[in-house]
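Architecture at a glance
Here is what each chain is made of, one letter per residue.
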Amino acid sequence: MAGARTDTASPDACGDTDEDLLVVRAAEGDEDAFAALVQRHAPALIRVATRLLGTRSEAEDALQDAFLSAWRRLPEFHGNSSFTTWIYRIVTNRCLNVLRSRRPMASLESAGEVPAAEHVSSPARITEARDAVRELRDALEVLSAEQRACWVLRELDGRPYEFIAEAVGISQEAVRARVFRARRSLTQAMGAWR
């Protein structure tokens with residue numbers, strides 16, 4: 001059959017296929033190889049985008065734009081970093097652009113004092129936990145886009161500083177500074193919840 005693959009490593013079996021081979025094939029225009037890369041990386045990337053942007057719908061839009069951009073730019077990928085780092089950088093930059101385009105939020109000083117939560121399992125405790133999550137989301141909105149990206153990648157995604165520096169396009173020292181400032185701001189904003 002003309003055009004049929006005769007090799008044993010097909011993108012459909014992405015668990016058995018070497019990522020470098022998928023990247024090479026995708027760069028040559030193999031849509032199945034790119035689909036395998038998307039399938040492999042999408043779950044982690046949607047979590048990061050959702051954490052950065054706050055809503056699943058915005059995260060899905062940003063991820064779709066990022067994957068489209070990656071598909072178009074894949075022939076330019078020369079392997080100077082891993083594909084994972086490269087795709088994280090594209091997604092992070094897309095999310096940063098969305099965050100920067102948002103209107104500024106109120107300052108942390110405008111947030112009222114919140115009483116400390118009781119430590120019992122009750123409907124009141126569940127409501128307080130939801131309130132704490134909402135307060136954290138609000139506090140994250142006040143961070144600069146870069147601080148938020150660095151903090152989410154470090155604290156929620158568990159990425160090392162070197163990875164974050166490559167993904168965000170800044171030095172490791174700048175990443176450490178942004179994570180430090182974000183932690184300080186979040187600690188102040190969430191002080192009543194400790």
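Residues numbered from 1 in each chain as written. Predicted model: local features only at pLDDT ≥ 70, side-chain atom pairs only at ≥ 80, totals over all residues. Heavy atoms only, no water.

This paragraph deals with the overall build of the protein. In terms of regular secondary structure, the protein is built from eight helices and zero strands. Evaluated residue by residue, the protein yields a buried proportion of 38% over its 194 residues. By sequence separation, contacts in the protein at least 24 residues apart represent 62% of the contacts at least 6 residues apart. Just so you have it, the protein exposes about 11400 Å², and 49% of that area is on carbon and sulfur atoms. (Helix = DSSP H or I, 4+ residues; strand = E, 2+ residues; numbered from the N terminus. Buried < 20%, exposed > 50% of the residue type's maximum accessible area, 1.4 Å probe, protein only. Contact = heavy atoms within 4.5 Å. Areas by Shrake-Rupley, 256 points an atom, 1.4 Å probe, with all protein chains shown as cover.)

For the rest of this paragraph, the subject is the environment of Ala-145. Tracing the sequence through the fold places Ala-145 in helix H6 (residues 145-156). Its relative accessible area of 10% is what places Ala-145 among the buried residues. In the structure, Ala-145 is positioned 52 residues away from Asn-93 in sequence and 9.9 Å away in space, judged by C-alpha atoms.

The next point concerns the confidence of the model for the protein. Looking at the protein as a whole, the pLDDT averages 80, with 79% of positions reaching at least 70. Taken together, the stretch residues 1-16 has pLDDT below 50 and engages in 20 contacts with residues farther than four places along the chain or on a different chain. (pLDDT = per-residue confidence, 0-100.)

Further remarks concern the pattern of salt bridges. As enumerated under the stated definition, the model contains seven salt bridges in all. For Glu-19, the salt bridge is made with Arg-40, and the minimal N-O distance between the two is 3.4 Å. Residue Glu-19 is found in helix H1 (residues 19-27), and its partner Arg-40 is found in helix H2 (residues 31-53); the two are separated by 21 residues along the sequence. Here Asp-157 makes a salt bridge to Arg-159, at a shortest N to O gap of 3.0 Å. (Salt bridge = Lys/Arg side-chain N within 4 Å of Asp/Glu carboxyl O.)

Tallied over the entire structure, the rule returns six aromatic pairs. The interplanar angle of 55° and the centroid separation of 5.0 Å between the aromatic rings of Phe-34 and Trp-71 together place this pair among those described as tilted. A residue pair is termed long-range when its members are at least 10 positions apart, and Phe-34 in helix H2 and Trp-71 in helix H3 (residues 56-73) qualify at 37 residues. With relative accessibility at 9%, the residue Phe-34 sits in the buried group. Ring centres of Tyr-88 and Phe-163 lie 5.0 Å apart, and the angle between their planes is 80°; on these two criteria the pair is classed as edge-to-face. With Tyr-88 in helix H4 (residues 83-101) and Phe-163 in helix H7 (residues 161-168), the pair connects residues that are 75 residues apart, well separated along the chain. As far as the burial class goes, Tyr-88 and Phe-163 line up, both buried. Of the aromatic side chains, those joined through ring pairs into one cluster are Phe-34, Phe-67 and Trp-71. The side chain of Arg-154 reaches across the aromatic face of Tyr-161, ending 4.1 Å from its centre. Over the ring of Tyr-161 we find Arg-176; its NZ or CZ atom is 4.0 Å from the centre of that ring. (Phe/Tyr/Trp six-rings, centres within 6.5 Å; stacked < 30°, edge-to-face > 60°. Lys NZ or Arg CZ within 6 Å of the ring centre and 35° of its normal.)

This part is about the environment of Val-142. Here Val-142 shows up in helix H5 (residues 123-142). On a C-alpha basis, the gap between Val-142 and Ala-182 in space is 9.7 Å, while along the polypeptide they are 40 residues apart.

Turning to the side chain of His-41, a few remarks are in order. Relative to the helices and strands, His-41 is located in helix H2. Taking relative accessible area as the criterion, His-41 reaches 10% and is therefore assigned buried. In terms of polar contacts, His-41 uses its side chain to reach the side chain of Glu-19, at 2.8 Å. Sequence-distant contacts of His-41, that is, excluding residues within four places in its chain, are made with Glu-19, Phe-83, Thr-84 and Ile-87. (Polar contact = N/O pair within 3.5 Å; in protein donor to acceptor, adjacent residues only side chain to side chain.)

On the secondary structure map, Gln-64 appears in helix H3. Assessed through its relative accessible area of 57%, Gln-64 is described here as exposed. It is 9.8 Å that separates the C-alpha atoms of Gln-64 and Ile-46, two residues lying 18 residues apart in sequence.

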